[in-house]
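# Structure at a glance
Here is what each chain is made of, one letter per residue.
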Amino acid sequence: RASLLTGQYSQSTGVYTVLTDNGFKAFDDRRTLGTSLNAAGYNTLFIGKYLNGYGAQKSKVTGKGSFRYVPPGWTDWYGSVDRPAGSSYASGGTYNYYHAIFNHNGTIDDTHKGQYQSGVEGRLASTLIRKYHRSAKPFFLYFAPIAPHFGAPTENGDPTHVVWPNTGKHESMKTPARPRSVRGIFDKQILRASGMPKNGGPSEQSVRDKHRPLRYLPELSPQEKLAVRDVTRQRAETLYALDKQVKRLVNTLKATGEDKNTVIMFTSDNGYFLGEHRLRQGKILTNEPSLRVPFLICGPGIPHGTRYDPITTEDVTATILRFAGAKPPHPSDGAVVVASFKADQGWKLPVITEGTTWDTTARRAASHHPALFKDGRSTIGIRTAGWKYLRYHNGDGELHNLTHDP
């Protein structure tokens, strides 16, 4: 999220994790995509999740709490907030699907308890489009719902206390809350987890070539296979509820006539494991299911078709700025990829892969490889069309021929 807002990789933004020391608290947001577009004459609108810790942590810019903090550059701000310690708000926050709390331009809006968060945000998005459609200025909307991220409240039937094979260890399966109207609608279509083979498994015959700790993972038990299937169903149901809001948004653009002059982009901040490589759930690792996400774009002059050129988060930022005729807020780590929309240009540059999955204690414990922890990352690597080279915090390394082993 910090990279999308700045157009820079983590080593430039200083935001490496969702943890307190390297999350929102570490983000200098005085110059972002919002300030650049605003300076270029745009009304800039934000709805949904900002960075992990927003609302609960102090702002790097002000040194004060962020519960009522509005980042510079935004014309209309609806940022969902986490509750700070000692808050008078007893419940609710970004990760509660039925009790989202918003910072609306510096004022706390806690009027949505009992309403499904995606529906609230979809309604706000359509309202803002209708409002700023009347302005002589163009608008930029950053719509950031949390779906299908796991979130409260828990529901009857959620897979819980799943036992790992031969260990007695319980795995807490993480699920998103869903409206009652969508529960079960994909049960006949989704018969297995999205990361499991059609024949039921095993997930992977051997993981001896993987880095630690993946190489020690046991195969999924029958109980786990059902649990991961249920997580897949719930995530699909949550996304279906969000899809309705996307349709609502597009219909509003059409009703106002703005669809003829609006570019729509869709992507995600991360992939997610649902059985691949014996991983029951999770993200951040540089394996393909976590590393790769979809990118879709439509709008005036953009042809239909599928492209295979790579596009990074930083490229998305650079491309948005080019469309808007705006200056980058920082020296860009991304490239404008407009040419790829018409035809593949070929994979010309490697993509940097990086991530952090460990807390401060774990980083200190890895003193035998301190070089990889000076800036907080636990994995670094290079990805090209045919190869991927990776280094890990524990000294492990991997070289993958993606043509032979995708």
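To keep things clear, this report deals only with the structure shown in the data block. (Residues numbered from 1 in each chain as written. Predicted model: local features only at pLDDT ≥ 70, side-chain atom pairs only at ≥ 80, totals over all residues. Heavy atoms only, no water.)

### Describing the side chain of Ser221
- As for its placement among the helices and strands, Ser221 is situated in the loop between β7 (170–171) and α5 (222–256).
- Filtering out sequence-adjacent residues up to four positions away, Ser221 remains in contact with Val163 and Pro165. (Helix = DSSP H or I, 4+ residues; strand = E, 2+ residues; numbered from the N terminus. Contact = heavy atoms within 4.5 Å.)

### Section: the sheet that holds strand β12 (residues 387–392)
- Ordered in space as β10-β11-β12-β13, the four strands form an open sheet in which the pairing is antiparallel. Each edge of the sheet is formed by a strand with only one pairing partner; in this case those strands are β10 (351–355) and β13 (397–401). Taking each pair of neighbouring strands and ignoring which way they run, the sheet shows an average axis angle of 15 degrees.
- Bridge count between β12 and β13: five bridges; the pairing is antiparallel. Among the inter-strand pairings, Leu390 is bridged to a residue of β13, identified as Glu398. (Pairing = 2+ DSSP bridges. Axes fitted to C-alpha atoms, helices over the stretch in contact; angles between N-to-C directions.)

### So, a nonpolar patch on the surface
- Taken together, Trp387, Tyr389 and Leu399 make up a surface patch of nonpolar side chains, about 350 Å² in accessible area.
- Note that Leu399 resides in strand β13.
- Note on Leu399: relative accessible area 58%, which makes it exposed. (Patch = residues over 30% accessible without salt bridge, like charges linked within 9 Å, V, L, I, M, F, W, Y side chains within 5 Å. Areas by Shrake-Rupley, 256 points an atom, 1.4 Å probe, with all protein chains shown as cover. Salt bridge = Lys/Arg side-chain N within 4 Å of Asp/Glu carboxyl O. Buried < 20%, exposed > 50% of the residue type's maximum accessible area, 1.4 Å probe, protein only.)

### Quick look at α5
- For α5, which comprises 35 residues, the first-to-last C-alpha distance of 52 Å matches the rise-based estimate of 51 Å (1.5 Å per residue) to within 8%.
- Taken from the residues just after α5, Gly257 is the one with a positive phi, measuring 80 degrees. (Expected span 1.5 Å × (residues − 1).)

### A few points about the nonpolar core
- With 29 residues, the main nonpolar core has Leu37, Tyr50, Leu51, Phe140 and Tyr142 as its most contacted residues.
- Going through the elements one at a time, α1 (2–6), α3 (33–39), β5 (139–144) and α7 (313–324) are the ones with two or more residues in this core.
- Within the second largest apolar cluster, 16 residues are counted, among which are Leu128, Leu141, Phe143 and Leu253. (Core = buried A, V, L, I, M, F, W, Y, C linked by side-chain atoms within 4.5 Å.)

### Describing the pairing of β12
- Along β12, the buried face is formed by Lys388, Leu390 and Tyr392; none of Trp387, Tyr389 and Arg391, which line the opposite face, is buried.
- As judged from the five bridges shared by strand β11 (residues 379–383) and β12, these two strands associate in the antiparallel manner. Residue Ile380 lies in a different strand from β12, and its bridge partner there is Arg391.

### Quick word on the pattern of salt bridges
- A full pass over the atoms with the stated rule returns 19 salt bridges.
- The shortest N-O distance in the salt bridge between Asp209 and Lys210 comes to 3.1 Å.
- Salt-bridge contacts for Arg292 lead to Glu288; the nearest nitrogen and oxygen are separated by 3.8 Å.
- By sharing partners, the salt bridges in this structure join Glu155, Arg178, Arg183 and Glu237 into a single network.

### Thoughts on the sheet that holds strand β3 (residues 102–104)
- A sheet is described by the order of its strands in space; here five strands give the open sequence β4-β3-β2-β1-β5, paired in mixed fashion. In the strand order of this sheet, the two ends are held by β4 (107–109) and β5, each with one partner. Taking each pair of neighbouring strands and ignoring which way they run, the sheet shows an average axis angle of 20 degrees.
- Of the strand pairs in this sheet, strand β1 (residues 43–49) and β5 are connected by six bridges, and their pairing is parallel. Bridge pairing in β5 places Thr44 opposite Phe140.

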